[in-house]
Amino acid sequence: MKINSAVKLGTVATFAAVLLAACGSSSNSSSEASKQTLNWMENSALPSMDSSTATDVVSGETMNNTGEGLLRIGKNSSIHPGVAKSYTKSKDGKTYTFNLRKSNWSNGDKVTAKDFVYAWQRTVDPKTASQYAYMYAQVKNANAIMNKKKPVSSLGIKAEGNYKVVVTLTQATSYFPSLVASPMFFPQNKSVVQKYGKKYATNAQDNVYNGPFKLTYWTGTSDNWTLSKNTKYWDAKNVKLKKINFKTMKDPQTSLSQYQSGKLDATYLSGQQPKNYKNDKQYVERKSASTFYIELNEKKDSMMKNKKARQALSLAINRNQFVNKVLADGSTAAKGLVSTGLAENKGTDFNTAAAVPSATSQDLAKAQKLWKQALKETGRSSYSLTLMADDTPAGKNSAEFIQSQWAKLDGLKVTNSNLPFKTRLSRSQNGQFDAVISAWGADFPDPISFLSLFTSGNSYNNGKWASKAYDKYVAAATGKDANNNTARWNDMVNAQKTILNDQGVIPVYQQGKAQLVKSDVKGLIYFPTGANWDFSRAYIAK
Amino acid sequence: MAKYLAKRIFYLILTLFIVITLTFFLMKLLPGTPLTNQAKLSKSQIALIYEQYGLNKPVWQQYLLYLAGAVRGNFGTSFQFSDQPVSYLLSSRIGPSLQIGLQAMILGVIVGIVVGAFGAMRQNSWVDTTATVVSILGISIPSFVLAVLLQYYLGLKLGWFPIAEWGGFIYTVLPTLALGATPLAESARFVRTEMVDVLSSDYIELAKAKGLSRTGVIYHHALRNSLIPLITIVGPLAVNIMTGSMVVENIFSIPGIGEQFVKSVLTNDYPTIMGLTIIYSFMLCVVLLFTDILYGIVDPRIRITGKAN
């Protein structure tokens, strides 16, 4: 075969011509965008729309805007009526009766009590293999069903007629209303689920919606998806946005460029970006309900079991310097184990009520003193430990910073070990560590979400810290005081004070997200747990 | 030829089989579970979910089940994209990756040949120096740096091309340029070196002495002989483009499979890891087979069917 020069030159010429032609016609798609369109970015693609099996934030956020549960979460995690226009709670706090309004699915079917019964049963059914089924633990018989000891029909939810749902719990659960407002408690249309079978909720078409918006474009694996206003939604008259275009931006710089060129109405910032835009008018910080804390392995040796040693390690850390100078991404210094802004009682934030400043602030002189005493008490002259953390940029920054802070303690040698998330997790769970930077994000807006982790013997209590007083407070909050708001609140306050006073964990920082939002975007509703965003009241002011 | 092809295809299948087997068992050594919510699940909860996915079976059984499925075209269901069959996940996302990869390859190699040839023909002139500088830059600047520079200047500042996303040929220009730079530089360097060599050989002198035109000598004799070593590097270049695409796709928000590969390994998404490994190794095998066949076409001295009598 001869390589024909003419063909070859022709190819080059065609290529050049196409390139040049391409230069001339830059796309003009943004001009056609109508007024009430929101262009929103996510860091990862939408992986699922099945409320029984979805596990991630992007799915939660999309479902929260295309669906609606018995109740709805609003600003600052407040609870509003949803499909249920009202509800009553029995005296013992174990039975909830929800009165449903007449509302429709996007295909015109009526949303009835049976849709809730079906969805809840489907989620706890072991066959569904839901990773969030444990959220149903308080619903009567849920645990037995998940462990295949009882049939799904025994779940504590009954439909009384078409418009009344009665839920029975195993024990009073004060945060139950916020649970039923989250996507994993949303209704499902049985006939639709069965009609599409395996394809149900795997793309925009094979699904129905009962929320403010409906999904109108999504192939199931695409990086872009579109929500359009759902005219069948019962409160559609208050929904102003016509369309929301979601775009996956994996690279923060790309996302920022798209924002600057007007292709996005908001972008999350990361790396150096928050520092550069901190004084920008469009800069916003969003608090997440996630706390990062250090667990010390008390099973390792007498030093880690020594309270003074633990306190010294905590007192050596300058948390404000860390969040402001090192992370500088909207994160804040931890004020407790529970995240700030998660829950309040009579206008007082949990961390204000349950503050132990000495356990979450720096005092180097005191740290030195306590450290020396701890070394002496355990018969040591020096001590070395390995600090384990994630191998993410934030994980590396945290480990390096804490290493530098701990290096100030005389006779302490710290080695860092940054590992991939899953390796870190399995080593934590198996007790193969000295000190580890762990994190927990609350699933629902209640302090117990954090506090229940550190009871003795709990599988998330990696450091094996144990306190009888703490166990007692947590047991009271979830047991005998569960239906008494004031007593329960005090139990939880005492629990946090107990763990902080004993430095059972070393809280470091509360995660935050820095974001740029165009100033004409109004009415966004953000809440720190679960789905994070509600766009039903958002609009573009122009 | 047919016999040769049959043999090569047999080897291809054998290679894939070995790759599948090794990957499967290595992958099972990864710590952690494919469950995204693993951090919040207890051991017994994980065990219950594993039962549903058949992950509680011994690894050799899982392996045999996987092979049995794969032969019938069933590559399992993704964990990251829950309920999506891996075959659908990959087939719906491979298009953009292939398009960008092929465009980068074609652009890189063709322009590379032209640049290299011009450099050799005007050896030690400014043309040659420029060509050399271009190839050195192309090799030394990683594709992700070039991608960001192109995006900033041609996308954001000048507004000639879209900054990111996917939606038509115009969206492929910047990623193609970013990915094509290395193959361009590599092939330019190879063609130049080889052609300088060829141009000083006896048969070129003979051709010139016989009175052939300069272009005739270059195209019919020099260039063709210079292309043989270029074919050798096409395989490695293809690998280079495949790995480069993982980063470039992220930067330009291209809905391809590059990112899925990294993410599936990080999240223990077993079926997706397997699916992608099979695709990548298949593509590489095909490229290698293709280059071997090309050899025979470009250089008649290389007989792929064995001894030429």
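A. The arrangement of the overall build of chain B in detail. Looking only at helices and strands, chain B features 11 helices and 0 strands. Reading the helices (α) and strands (β) of chain B from amino to carboxyl end gives α-α-α-α-α-α-α-α-α-α-α. Principal-axis analysis of the C-alpha atoms places the extent of chain B at approximately 85 × 60 × 30 Å. Across the 309 residues of chain B, 39% fall into the buried class. Taking the intrachain contacts of chain B between residues at least 6 apart in sequence as the baseline, contacts between residues at least 24 apart amount to 73%.

B. Representation of helix α8 (residues 202-209) of chain B. Among the 8 residues of α8(B), 0 are classified as buried, and the element is accordingly described as predominantly exposed. After α8(B) finishes, the residue B:G211 shows a positive phi value of roughly 95 degrees.

C. Main features of the interface of chain B and chain A. Between chain B and chain A, the contact holds 51 residues from the first and 49 residues from the second. Listed by contribution, the elements that provide at least two residues to the side of chain B that touches chain A are α2 (43-53), α4 (86-121), α6 (143-157), α7 (169-199), α9 (214-251) and α10 (258-266) of chain B. A per-element tally of the side of chain B that touches chain A places α4(B) first, with 7 residues. In terms of residue class, the side of chain B that touches chain A is made up of 29 nonpolar, 17 polar and 5 charged.

D. The nonpolar core, seen in detail. Residue and element names in this part refer to chain A. One finds W120, V124, I294 and A312 to be the most contacted residues of the largest nonpolar core, which totals 145 residues. Sorting elements by how many residues they give to this core places helix α3 (residues 113-124) first, with 7 residues. Not counting residues up to four positions away in its chain, the partners in contact with A312 are A367, L370, W371, A374 and L409.

E. Spatial organisation of the sheet that holds strand β12 (residues 243-248) of chain A. All names here are of chain A. The sheet built from 4 strands is open, its strands ordered β1-β12-β11-β10 with mixed pairing. The open sheet has two edge strands with one neighbour each: β1 (37-42) and β10 (213-217). Adjacent strand axes in the sheet meet at a mean angle of 25 degrees, parallel and antiparallel pairs treated alike. When strand β11 (residues 224-229) meets β12, the two strands line up antiparallel, connected through 5 bridges.

F. Fine view of helix α7 (residues 252-260) of chain A. For α7(A), the complete set of buried residues consists of A:T254, A:S255, A:L256, A:S257, A:Q258 and A:Y259. The secondary structure elements touched by the buried residues of α7(A) are β1, β13 (266-269), α8 (273-277) and β21 (506-517) of chain A together with α6 and α9 of chain B.

G. Geometry of the pairing of β10(A). All names here are of chain A. Bridge analysis of β10 against β11 gives 4 bridges, and the strand direction is antiparallel. Across the sheet, the residue bridging to L215 is L227, located in β11. Hairpin geometry of β10 and β11 is characterised by an intervening segment of 6 residues between the two adjacent antiparallel strands and by a positive phi of about 105 degrees at G220.

H. Just the sheet that holds strand β4 (residues 84-89) of chain A, in detail. Residues and elements named next belong to chain A. Judged by pairing direction, the sheet is antiparallel, and its 4 strands sit side by side in the order β4-β5-β9-β8 without closing on themselves. Of all the strands in the sheet, the pair left with one neighbour each is β4 and β8 (157-159). Across this sheet, the average inter-strand angle for adjacent strands is 20 degrees, counted without regard to direction. Strand direction decides the pairing type here: β8 and strand β9 (residues 164-168), joined by 3 bridges, are antiparallel. If you follow K158 over to β9, its bridge partner there is V166. Along the sheet face, α3 touches β5 (95-100), β8 and β9 and points at about 150 degrees away from the line of β8.

I. Region of the structure containing the pairing of strand β19 (residues 412-419) of chain A. Residue and element names in this part refer to chain A. Relative to β19, strand β18 (residues 383-390) is paired through 8 bridges, and the arrangement is parallel. By the bridge assignment, Y383 is partnered in β19 with L412. Of the crossover connections in this fold, the one passing from β18 over helix α14 (residues 393-406) to the parallel β19 is right-handed.

J. Region of the structure containing the packing of α7(A) against α6(B). Look at α7(A) against α6(B): their axes get within 11 Å of each other, and the N-to-C directions meet at 5 degrees. Between α7(A) and α6(B), the angle is such that the two are roughly parallel. Contact with α7(A), carried on its side by A:Q253, A:T254, A:S257 and A:Q260, involves B:V148, B:Q151, B:G155 and B:L156 of α6(B) and no other residues of that element. Residues that form the contact of α7(A) with α6(B) fall into these classes: 2 nonpolar, 6 polar and no charged.

K. Inspection of the packing of helix α10 (residues 307-315) of chain A against helix α13 (residues 364-377) of chain A at higher detail. All names here are of chain A. Relative to each other, α10 and α13 sit at 155 degrees, their axes nearing to 8 Å. With respect to α13, the element α10 is oriented roughly antiparallel. For the element pair α10 and α13, the recorded crossing hand is left-handed. Contact residues: α10 offers K308, A309, Q311, A312 and L315, while α13 offers K366, A367, L370, W371, Q373 and A374.

Cut-off values and rules
Residues numbered from 1 in each chain as written. Chains lettered and ligands numbered in written order. Predicted model: local features only at pLDDT ≥ 70, side-chain atom pairs only at ≥ 80, totals over all residues. Helix = DSSP H or I, 4+ residues; strand = E, 2+ residues; numbered from the N terminus. Buried ≥ 20, exposed ≤ 12 C-beta atoms within 10 Å, placed from the backbone. Contact = placed C-beta atoms within 7 Å. Nonpolar A, V, L, I, M, F, W, Y, C, P; charged D, E, K, R; others polar. Core = buried A, V, L, I, M, F, W, Y, C linked by C-beta atoms within 7 Å. Pairing = 2+ DSSP bridges. Axes fitted to C-alpha atoms, helices over the stretch in contact; angles between N-to-C directions. Right-handed = clockwise from strand over helix to strand, strands pointing away. Parallel < 35°, antiparallel > 145°, perpendicular 65-115°, else oblique. Left-handed = near helix turned anticlockwise from the far one by under 90°.

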